[in-house]
Amino acid sequence: LMRESYLNEKEVGFKQVKPDSGHIVIVGGAGKLGALFSQMLSLSGYQVKSLDKDDWQQAKALFSGAAMVIVSVPISLTCALIRRELSQLPADCILTDLTSVKAEPLRAMLDAHSGPVLGLHPMFGPDVGSFAKQVVVVCHGRQQDKYQWFLDQIAIWGARIEITDAKNHDEAMQLVQAMRHFSSFVYGLNLFKNNADIANLLRFSSPIYRLELAMVGRLFAQAPELYADIILAQPGNVQLMSDYLQHYQHALETLKRGDRDEFIRQFSQVSTWFGDYAPAFARESGMMLESVNDMKPR
Ligand code: NAD
């Protein structure tokens, strides 16, 4: 129901928190996430202009009088672009970004611009039907009082705002995103190497297995560059994946020895570590699966 009401608002528009602001420029506005923010801002009454890769000759005109500049370009270009191109913005212009990593882009924005600076990471892709219940991570930069209206606007779109510092965000992303995307990638790679017959796998998949396969398969519907960049974004990520490989190897040795008791001991150890989360996750995923059951697979 909540989702429906937000979808409705997407047709009729949203309340505008700051009606008197100047225009907003999205650098990379023709991209997937840039276009989504452009749409949401337009639906809320703001004047939005895009500055994509072939538009730099108009940069001066676009930035002149801008209330806010949102950076949404490929991760690998972000910091250099901020430092090179965004050091001459109007003094009171808000500079913000949507990059999936936060520490370095935030540093670059604070260095390039002396006015209000805000780091954002929408924890969702451009395919979401609405912002309802989605999470947007906020890393404060400078002069929060000048950009608070934009956070209020995002909240009106239905998103939940999670405030943290860039270091904590980036560390969490190593496990929440980089590690998970990489293991999904390897899972897909393994299906490919086994030349798995997906139609046949689906025949034997009740909703929970179908859902797991869908979570892996959806990765491969998206741009490889984004995942390469997320996985390579932080130097610590590769170490984390080496550790993962070691744990895999160690667990595999247990199996090779046929050491059932040791496998059970380790399983119990992890269960204990999950604690109350384990039964809570069982209940939560059970409820999710109930709604999946109501959906018709293709
Ligand atoms: P995208 O490739 O769809 O869009 C990037 C846009 O930047 C393109 O339109 C491209 O033409 C433009 N661009 C490239 N070089 C440029 C330049 N020099 N000047 C101006 N524009 C330039 O990528 P995306 O998926 O929209 O990702 C953009 C940002 O959003 C990234 O920082 C990414 O980390 C972040 N993000 C993406 C997702 C997602 O699921 N797609 C989720 C969260 C955050």
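Everything in this summary refers to the structure shown in the same document. None of these values were measured; they are calculated from a predicted model.

1. Quick look at the site of the ligand
Step number 1: Near the ligand there are 25 residues, and of these Lys32, Leu33, Asp52, Trp56 and Ser100 occur at the shortest range.
Step number 2: Here an oxygen atom of the ligand and a backbone polar atom of Val73 are 3.1 Å apart.
Step number 3: Contact with the protein chains removes 86% of the 830 Å² of surface that the ligand exposes when unbound.
Step number 4: If you list the elements that add at least two residues to the shell around the ligand, you get helix H2 (32-43), helix H4 (75-85) and strand E5 (117-122).
Step number 5: With 3 residues, H4 is the largest single contributor of residues to the shell around the ligand.
Step number 6: Across the shell around the ligand, the residue classes tally to 15 nonpolar, 7 polar and 3 charged.

2. A closer look at the side chain of Ser44
Step number 1: When you line up the elements, Ser44 lands in the loop between H2 and strand E2 (48-51).
Step number 2: For Ser44, a relative accessible area of 2% gives the class buried.
Step number 3: Looking at Ser44, its side chain comes within polar contact range of the side chain of Trp157, at 2.8 Å.
Step number 4: Every residue in contact with Ser44, bar those within four places of it in the chain, is listed here: Phe14, Lys15, Gln16, Gln153 and Trp157.

The rules we used
Throughout, residues of each chain are indexed from 1 in the direction in which the sequence is written. Confidence filtering applies because this is a predicted model: local features only for residues at pLDDT of at least 70, side-chain atom pairs given and counted only at 80 or more, and all residues used for totals across whole chains, interfaces and linings. Hydrogen atoms and water are omitted, and side-chain values are computed over all heavy atoms in the structure. Summary of the distance rule: residues count as near a molecule or strand when at least one heavy atom falls within 4 Å of that molecule or strand. The term polar contact refers here to a pair of N or O atoms within 3.5 Å; inside protein, the definition further demands a hydrogen-donor-capable atom paired with an acceptor-capable atom, and it admits residues adjacent in sequence only when both atoms are side-chain atoms. What sets the accessible areas is the Shrake-Rupley method with a 1.4 Å probe; for residues, cover comes only from the shown protein chains. Helix numbers and strand numbers start at the N terminus; a helix is a DSSP run of H or I with at least 4 residues, a strand a run of E with at least 2. In this classification, Asp, Glu, Lys and Arg are treated as charged, Ala, Val, Leu, Ile, Met, Phe, Trp, Tyr, Cys and Pro as nonpolar, and every other residue, Gly included, as polar. A simple rule labels every residue: compare its accessible area, found with a 1.4 Å probe on the protein chains alone, to the largest value its type can have, and call it buried under 20%, exposed over 50%, or partly exposed in between. Pairs of residues are marked as contacts when any of their non-hydrogen atoms sit within 4.5 Å.

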